[in-house]
Amino acid sequence: MRIIPAIDIIDGKCVRLSKGDYNTKIIYNENPLEVAKEFEAHGIEYLHLVDLDGAKSSKIVNHKILEQIATKTSLKIDFGGGLKADSDLKIAFESGANQITGGSIAVKNRDVFEQWIAKFGADKIILGADANNEKVAVSGWLEESNEDLVPFIQNYQSKGIEYVICTDIAKDGMLEGPSFDLYSKILSQAKGLKLIASGGISTFDELPKLAEIGCEGTIIGKAIYEGRISLKQLENFIIR
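Residues numbered from 1 in each chain as written. Predicted model: local features only at pLDDT ≥ 70, side-chain atom pairs only at ≥ 80, totals over all residues. Heavy atoms only, no water.

Draft legend 1. Structural view of the pairing of strand E5 (residues 76–80). Counting buried positions along E5 yields 4 of 5 residues, so the element is predominantly enclosed. Where strand E4 (residues 46–51) meets E5, 5 bridges bridge the pair, whose relative direction is parallel. Counted as the bridge partner of Tyr 46 is Lys 76 from E5. Relative to strand E6 (residues 99–102), E5 runs parallel, the two sharing 3 bridges. Paired with Phe 79 across the bridge in E6 is Ile 100. Handedness of the crossover joining E5 and E6 through helix H4 (residues 86–94): right-handed. (Buried < 20%, exposed > 50% of the residue type's maximum accessible area, 1.4 Å probe, protein only. Helix = DSSP H or I, 4+ residues; strand = E, 2+ residues; numbered from the N terminus. Pairing = 2+ DSSP bridges. Right-handed = clockwise from strand over helix to strand, strands pointing away.)

Structure below.
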């Protein structure tokens, strides 16, 4: 299972929110590149980079930080937040993103998202299926759609999607543990899916359990920044 630390960006700084609420913002570091380099120094190969300013303004904003991290580390970066048009993807990929994540757009503008899968390839496009009570949430989690989570994922699987990041919003940033039952349910119904668990991870012991369920990757944010999981522990998990 891949270990994918998260860096969320507001105003060029590394922050974390709770349940996607911008009013809960905590700044952890003024320099995201510094954080990324520390991850890399501990054997981490992947990074989940979220442009929270972009998510709010519905267009890519913090691409300079993406470019900085991509050129000054060897991390493979998946980038998301506010990607709405082909021009956003062009900027993201040119700035060094390895993959991009589309969330709201996959609900609100299916045609565009399906075109991206066809144009850039399923290995480059991740479906961001964030859920509240198993309903897909959109617009930086500010609104809930009528889409049921599992059928939504299955529909995009039929269009070629392989990678899905699923965040249970109720768990995000709360350090209460991930949604093991939800991930088991998704993997039992969406066969062959590369599911990346996100949200709620609070202790190192949860990682082997996610691997056992069959998650392809896991995104870890606040647990690292709050010192609940050390980079040394992650390094040892990767080596093992």
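There is more to say, and it comes next.
Draft legend 2. Here's a closer look at the packing of helix H1 (residues 32–41) against helix H3 (residues 63–72). Following both chains from N to C, one finds H1 and H3 inclined at 35 degrees, their axes separated by 10 Å at the closest point. The element H1 and its partner H3 pack so that their crossing is right-handed. Counting all contacts with H1, which are made through Pro 32, Leu 33, Ala 36, Lys 37 and Glu 40, the residues of H3 involved are Ile 65, Gln 68, Ile 69 and Lys 72. The residue inventory of the contact of H1 with H3, partitioned by class, reads 5 nonpolar, 1 polar and 3 charged. (Axes fitted to C-alpha atoms, helices over the stretch in contact; angles between N-to-C directions. Left-handed = near helix turned anticlockwise from the far one by under 90°. Contact = heavy atoms within 4.5 Å. Nonpolar A, V, L, I, M, F, W, Y, C, P; charged D, E, K, R; others polar.)

Draft legend 3. Focus on the environment of Leu 47. For Leu 47, the location among the structural elements is in strand E4. When its relative accessible area of 0% is taken as the criterion, Leu 47 is described as buried. Each C-alpha atom, one on Leu 47 and one on Phe 93, is 15 Å from the other, the two residues being 46 residues apart in sequence. In this view, Leu 47 contacts Ile 4, Pro 5, Ile 7, Ala 36, Phe 39, Ile 69, Leu 75, Lys 76, Ile 77 and Asp 78; residues no more than four positions away in its chain are not counted.

Draft legend 4. Here's a closer look at the nonpolar core. Among the nonpolar cores identified, the biggest contains 67 residues, and Ile 7, Ile 69, Phe 113 and Ile 186 are the most heavily contacted of them. If we ignore the near neighbours within four places in the chain, the residues touching Ile 186 are Leu 149, Val 150, Ile 153, Cys 166, Leu 193 and Leu 195. Judged by nonpolar contacts, the second largest core, of 7 residues, contains Ile 4, Ile 165, Ile 196 and Ile 219. (Core = buried A, V, L, I, M, F, W, Y, C linked by side-chain atoms within 4.5 Å.)

Draft legend 5. View of helix H6 (residues 110–120). Looking only at H6, the buried set comprises Val 112, Phe 113, Trp 116 and Ile 117. Buried residues of H6, viewed axially, fall in a sector of 145 degrees; they line one side. Of the residues in H6, the exposed ones pointing more than 90 degrees away from the buried face are Asp 111, Ala 118 and Lys 119. Lining the buried residues of H6 we find H4, E6, helix H5 (104–108), strand E7 (125–128) and helix H7 (149–158). A positive phi of about 100 degrees marks Gly 121, the residue just after H6. (Arc of directions from axis to C-beta.)

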